[in-house]
Amino acid sequence: MNSVSPEYDESITRIIAAADVTLPLYGLLGIRVGAAYAPRGGRRSNPNMPDTGFGDGTPRGTRYANAAHPHNVLVMSYAQLSALLHASLETQAGLVEFGMVGGPWFGLITWCSYRNDPCADRGRDFESYDYGLALGGGVALAVSDDVDLALELIHFFGMADIRSERGRATTSHLAGQIGFVFEIG
């Protein structure tokens, strides 16, 4: 679930593609380095927001029900990198591992759409980067000696002001991740 606050108060759901490598540090600690394609955005209801041009016979600038765009939807695509501290605790039998992650992430906005048009065509200017902190946890279940099934929930808090004009806006997304963990080496 993704959101852009404060202007877009409704979340949108998108699929994230990611790959992570955890490098051991000491004992139960490691550094997880990750790369992802992470779409983000938000939505807000738009019952009385005028669009450009005429609508329902009323001139631009007059408030009217906007049937063509009942919601303002902002979607941005990120090329995202992260370096998260990973701490884990394995059960005695070694079949289940509980873990927590936390640390910084950085993203380059590669694409932006507002009301299904490129943001620039709609007069929406955004910074080309975003950054913040991530915090989450999960569980890994042993499937075989070298493969685990991981289930995680990570919240990525955006700290950068991504708007170039008209007030502050930050991103936030909650990622539910399911994937396989392969032990190498």
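Cut-offs used in this document
- The residue numbers shown here count from 1 along each chain, following its written sequence.
- Local features in a predicted model are, by the rule used here, given only for residues with pLDDT of at least 70; side-chain atom pairs are given and counted only at 80 or more, and totals for whole chains, interfaces and linings are based on all residues.
- Computation of side-chain values: all heavy atoms of the structure, hydrogens and water removed.
- Runs of E in the DSSP output that reach at least two residues are strands. Runs of H or I that reach at least four are helices, and both are numbered from the N terminus.
- Buried, partly exposed and exposed residues are distinguished by accessible area as a fraction of the type maximum, computed with a 1.4 Å probe on protein chains only: under 20%, between the cut-offs, and over 50%, respectively.
- Residue-level confidence of the predictor is summarised by pLDDT, bounded by 0 at the bottom and 100 at the top.
- Contacts: residue pairs with any heavy atoms within 4.5 Å of one another.
- Any Lys or Arg side-chain nitrogen located within 4 Å of an Asp or Glu carboxyl oxygen qualifies as a salt bridge.
- Residues enter a nonpolar core if they are buried and are Ala, Val, Leu, Ile, Met, Phe, Trp, Tyr or Cys, with the set joined through side-chain atoms within 4.5 Å.
- For Phe, Tyr and Trp, where Trp contributes only its six-membered ring, two rings pair if their centres lie within 6.5 Å, and the inter-plane angle classes them as stacked under 30 degrees, edge-to-face over 60, or tilted in between.

1. Topic: the overall build of the protein chain
Phase 1: Counting its regular elements, the protein chain contains zero helices and 10 strands.
Phase 2: When the helices and strands of the protein chain are listed from N to C terminus, the series reads β-β-β-β-β-β-β-β-β-β.
Phase 3: Burial analysis of the protein chain (185 residues in total) assigns 35% to the buried set.

2. Topic: the confidence of the model for the protein chain
Phase 1: Chain-level pLDDT for the protein chain is 79 on average; 76% of the residues reach the 70-or-more range.
Phase 2: The spread of mean pLDDT over the elements of the protein chain runs between strand 1 (residues 2–5), the lowest at 62, and strand 8 (residues 129–142), the highest at 95.
Phase 3: Considering only residues more than four positions removed or in separate chains, one finds that residues 50–66, a stretch of pLDDT under 50, has 31 contacts.

3. Notes on the pattern of salt bridges
Should the charged atoms of two oppositely charged side chains come close, the side chains can pair.
Phase 1: Using the criterion set out here, one finds two salt bridges in the structure.
Phase 2: As a salt-bridge pair, Asp-20 and Arg-32 come within 4.0 Å of each other at their nearest N and O atoms. Residue Asp-20 is located in strand 3 (residues 17–26), and its partner Arg-32 is located in strand 4 (residues 29–45); the two are separated by 12 residues in the primary sequence.
Phase 3: With relative accessibility at 7%, the residue Arg-32 sits in the buried group.
Phase 4: For Glu-152, the salt bridge goes to Arg-32, with nearest N and O atoms at 2.6 Å. Placement of Glu-152 in strand 9 (residues 147–158) and of Arg-32 in strand 4 is noted, with a sequence separation of 120 residues between them. Across the pair, exposure class does not vary: Glu-152 and Arg-32 are buried alike.
Phase 5: The structure contains a network of salt bridges with shared partners spanning Asp-20, Arg-32 and Glu-152.

4. A short note on the environment of Val-21
Phase 1: Within the secondary structure, Val-21 sits in strand 3.
Phase 2: In this structure, the C-alpha to C-alpha distance between Val-21 and Arg-32, residues 11 residues apart in sequence, is 5.5 Å.
Phase 3: Each residue touching Val-21, except ones within four places of it in the same chain, is listed here: Ile-31, Arg-32 and Val-33.

5. Looking at the nonpolar core
Phase 1: Among the nonpolar cores identified, the biggest contains 18 residues, and Leu-74, Met-76, Tyr-78 and Phe-126 are the most heavily contacted of them.
Phase 2: Within the residue set of this core, elements represented by two or more residues are strand 5 (71–90), strand 6 (96–114) and strand 9.
Phase 3: The biggest single contributor to this core is strand 6, with five residues.

6. Section: the packing of aromatic side chains
Phase 1: A full pass over the atoms with the stated rule returns four aromatic pairs.
Phase 2: Residues Tyr-78 and Trp-105 carry aromatic rings whose centres are separated by 6.5 Å and whose planes lie at 65° to one another, so their mutual orientation is edge-to-face. Remark: Trp-105 occurs in strand 6 and Tyr-78 occurs in strand 5; sequence separation between them is 27 residues.
Phase 3: For the ring pair Phe-180 and Phe-182, a centre distance of 6.5 Å and an interplane angle of 35° mean the geometry is tilted.
Phase 4: In this structure Phe-180 comes out as exposed when scored by relative accessible area, which is 56%.

7. Side note on the environment of Gly-176
Phase 1: As for its placement among the helices and strands, Gly-176 is situated in strand 10 (residues 170–182).
Phase 2: A C-alpha to C-alpha distance of 6.6 Å links Gly-176 and Ile-154, two positions 22 residues apart in sequence.
Phase 3: If sequence neighbours within four positions are ignored, Gly-176 has contacts with Glu-152 and Leu-153.

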